[in-house]
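Single-letter residue listing:
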Amino acid sequence: MNACARLRVADPVAATGFFMAVTLALLALAGARPLAAQSLIGSQGLGIPLEALDGRSRAMGSVGVGLFGGAVLPTDPARASRITVPSVSVTIQPSRGAAAIGDQSVPIEGTRFPLLALSYPVRNYGVATLSYGGLLEQNWKAERTLRVAREQDSIDVADTYESDGSVGAARIGFARALSGGLSVAATLGFHTGTQVRNFSRAIGVVEDEDQETGDRFRERGRWEMTGTTFGLGAMWDFRDFLRVSGSLTWSGDLRATPVGQTAGGEARFELPTEFRIGASAMLTPVVAATLGFGRSNWTPAESGAGAAARGAVTTFGGGFEWSGMGLFGRSFPVRVGYRRAGLPFSIDASTPTESGFAAGFGWNLLETENLIIAAFDFSYERGTRATDSISESFSRYTFSFRASSF
C-alpha cells in the first residue's frame, strides 16, 4: 500500500495537497516544478531503498554479500566472524544528477549516511557487532503556481509540497567461526525514523517570495516509524580461493505513529523478506572476482494516488578487485563493478530499475602483515533510474573509513 495514501492529515484540503504531492504524474500534468530531491522516483510509496553498504561493496557492484575479508555489514552478518580486533567504520554517500519528466529536466542531489558499524571480538566465542544502517528514504520538495478563476476575477495561488523522511535499522549481532571454514551469524534490530510532510498554499502572491501578499495556509504531519527486524547469515571459505555467503532478513510490519497534532491513527506497512547470496573467487594471486544476487518480495498493492509496490524485485551485480598496486608503501586495491536493482515502488505500471557501473579504490593507511589497522575506501558510480514516465541519471560517491585497535 502507498504510505502516503495511508497517512492522513487533519484538513481535507491539505490531504488533497498531500496526495497530489506524492503523485508525480499529476504534478507534472498540473505544471508543478520539483525543486529538490534525492530521487523523484523515490517520492512514491515508502520511498527508495537506502542500502547499508560500504565503499568497497559499491565499487565492486556487490549486492552486499560474499566479499573476501572481514567487515560489519547488515546484509552479510557472517562476514564479521573474520574480524580479529575491535573496529569501527563509517560511510557517507553524496550524489547528484538530473531527472527527466517529459521535456523537463530537474536537478536532483543529496547526501546519505548509509552505515555506521562497530565490532568487538569476545574472547574465542565470536564477534559482537552493533550497526545502524539505512533502509528507505523519501526526501523531496516541489512547488506549483497556478491562477484560480473566481466569479469576477482570478487570483494567483502558489503551492509547496515537501517530504523529509527516512527509515533505518539499529542492529546488534553476533558472528561465530566454526570448523571447516564455516561461519554463522544472527542479528536483531529495530527500525527507527521519521516522516514529515508539509503542504503550504499562498493565496494572492507576487513574484518576490519575501514580499508575499494575501493569506498562507499550512498543514504539517509528522509520523514516527518503528518496527523489528531479524537476520541470519552463513559463510563458507574454501582455503583462500573461494568464499560463498548468504543472508536472510525478516522484518515485521513498519508502524507509522502520528505525533503531536497529526490526525489519524497508527498505520502499518508490510516489509518484505530479503534473501541474498554471493561468492568471491581468487582468479590470480592479485585478482579477485565477485558475483551476487538478491531478491525481496514486496506485497503488491494499489492506491488511489497511482503508486504501487511492484511485488518481487531482484538485484544482481559483480565486479573485480586488483590488489597488485601500492601507494606510498601501502596497498592500493583498484575495483570495478556493475549492478542492476529493481525498485519496489512506481508511479505507473512499470517496474522501476536502477543500474550503473562503478569504479573505486581502497587505501590501507596502516597495516601489519596480516591486519589492516586503518583503511579508506572510495567508490564512484554512474547510473540511471527509470520508469515509463521518469528517467534519472546520477553520479554517486561513497566514502568509507574504518579503523581498528588492539
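All values derive from a computational prediction rather than experimental measurement.

Engineer: Residues and numbers for the overall build of the chain, please.
Structural biologist: Broken down by element type, the chain carries four helices and 24 strands. Out of the 406 residues in the chain, the part that is buried amounts to 51%. Long-range pairs, those at least 24 residues apart, make up 63% of the contacts in the chain with a sequence separation of at least 6.

Engineer: Quick one: what's the story with the confidence of the model for the chain, residue by residue and with numbers?
Structural biologist: Detailed reading of predicted coordinates is not advised where the pLDDT is low. Scored by pLDDT, the chain comes out at a mean of 84, with 85% of its residues at no less than 70. Low pLDDT (under 50) marks residues 1-31, which in the prediction has 81 contacts with non-local residues, meaning those over four places away or in another chain. Contacts from residues 302-307, a stretch scored under 50 in pLDDT, to residues over four places away or in other chains number 17 contacts.

Engineer: Would you mind going over the layout of surface pockets in detail, with residue names and values included?
Structural biologist: Considering only enclosed or pocket space, the largest pocket measures out at about 1300 Å³ in volume. What lines the largest pocket is a set of 47 residues, among which R56, F68, G69, G70 and I372 lie closest to the centre. Of all elements in the fold, only β3 (87-101), β4 (104-122), β22 (353-367), β23 (372-386) and β24 (390-404) reach the threshold of two or more residues within the lining of the largest pocket. For the lining of the largest pocket, a count of residues per class yields 20 nonpolar, 13 polar and 14 charged.

Engineer: Run through empty space enclosed by the protein, naming residues and quoting values.
Structural biologist: Over the atoms, a rolled probe matching the size of one water molecule traces out where space is still vacant. Applying the stated criterion across every chain, the model contains seven cavities of 30 Å³ or more. Of the voids in this model, the largest cavity is the one considered here, and its volume is about 560 Å³. In this structure, the largest cavity is lined by 34 residues; those nearest its centre are P49, E51, L135, E274 and R276. Where the lining of the largest cavity is concerned, the elements lending two or more residues are β2 (48-49), β5 (126-137), β7 (154-177), β10 (242-251), β13 (274-284), β14 (287-297), β17 (312-322) and β20 (334-342). Across the lining of the largest cavity, the residue classes break down as 15 nonpolar, nine polar and 10 charged.

Engineer: How would you sum up the packing of aromatic side chains? Please name residues and give values.
Structural biologist: In the structure shown here, the tally under the stated rule is 12 aromatic pairs. Look at W298 and F345: their rings are 5.3 Å apart centre to centre, the planes differ by 65°, and that puts the pair in the edge-to-face class. Of this pair, W298 sits in the loop between β14 and β15 (301-302) while F345 sits in strand β21 (residues 345-346), and the two are 47 residues apart along the sequence. The exposure class assigned to F345 is buried, which follows from its relative accessible area of 4%. When the ring of F328 is compared with that of W363, the centres are 6.2 Å apart and the planes differ by 40°; the resulting orientation is tilted. In this pair, F328 sits in the loop between β18 (326-327) and β19 (330-331) while W363 sits in strand β22, placing the two residues 35 residues apart along the sequence. Classification of F328 by relative accessible area gives exposed; the value is 70%. Grouping aromatic residues by their ring pairs yields a cluster made of F332, F361, F376, F378 and F399.

What counts as what
- Residue numbers restart at each chain and count upward from 1, following the sequence in its written direction.
- Totals for whole chains, interfaces and linings use every residue, but because this is a predicted model, local features are given only for residues with pLDDT of at least 70 and side-chain atom pairs only at 80 or more, for both listing and counting.
- Values reported for side chains reflect all heavy atoms of the structure, with hydrogen atoms and water molecules removed beforehand.
- Counting from the N terminus, the helices are the DSSP runs of H or I reaching at least four residues and the strands are the DSSP runs of E reaching at least two.
- Buried means the residue's accessible area, taken with a 1.4 Å probe over protein chains only, is under 20% of the maximum for its type, while exposed means over 50%, and partly exposed covers the values in between.
- Contacts between residues were defined by any pair of non-hydrogen atoms, one from each residue, lying within 4.5 Å.
- On a scale of 0 to 100, pLDDT captures the predictor's confidence in every residue.
- Detection works on a 1 Å grid of protein atoms alone, calling trapped sets that fit a 1.4 Å probe cavities and calling open sets with protein on both sides within 12 Å along at least five of seven lines pockets, with lining residues defined by an atom within 4 Å of a point.
- Grid points are joined across faces, edges and corners, and a volume is the space filled by probe spheres set on the points.
- Amino acids are sorted into nonpolar (Ala, Val, Leu, Ile, Met, Phe, Trp, Tyr, Cys and Pro), charged (Asp, Glu, Lys and Arg) and polar (every other residue, Gly among them).
- Any pair of Phe, Tyr and Trp rings, taking the six-membered ring for Trp, is counted once the centres come within 6.5 Å. Such a pair is stacked with planes under 30 degrees apart, edge-to-face with planes over 60 apart, and tilted for the rest.

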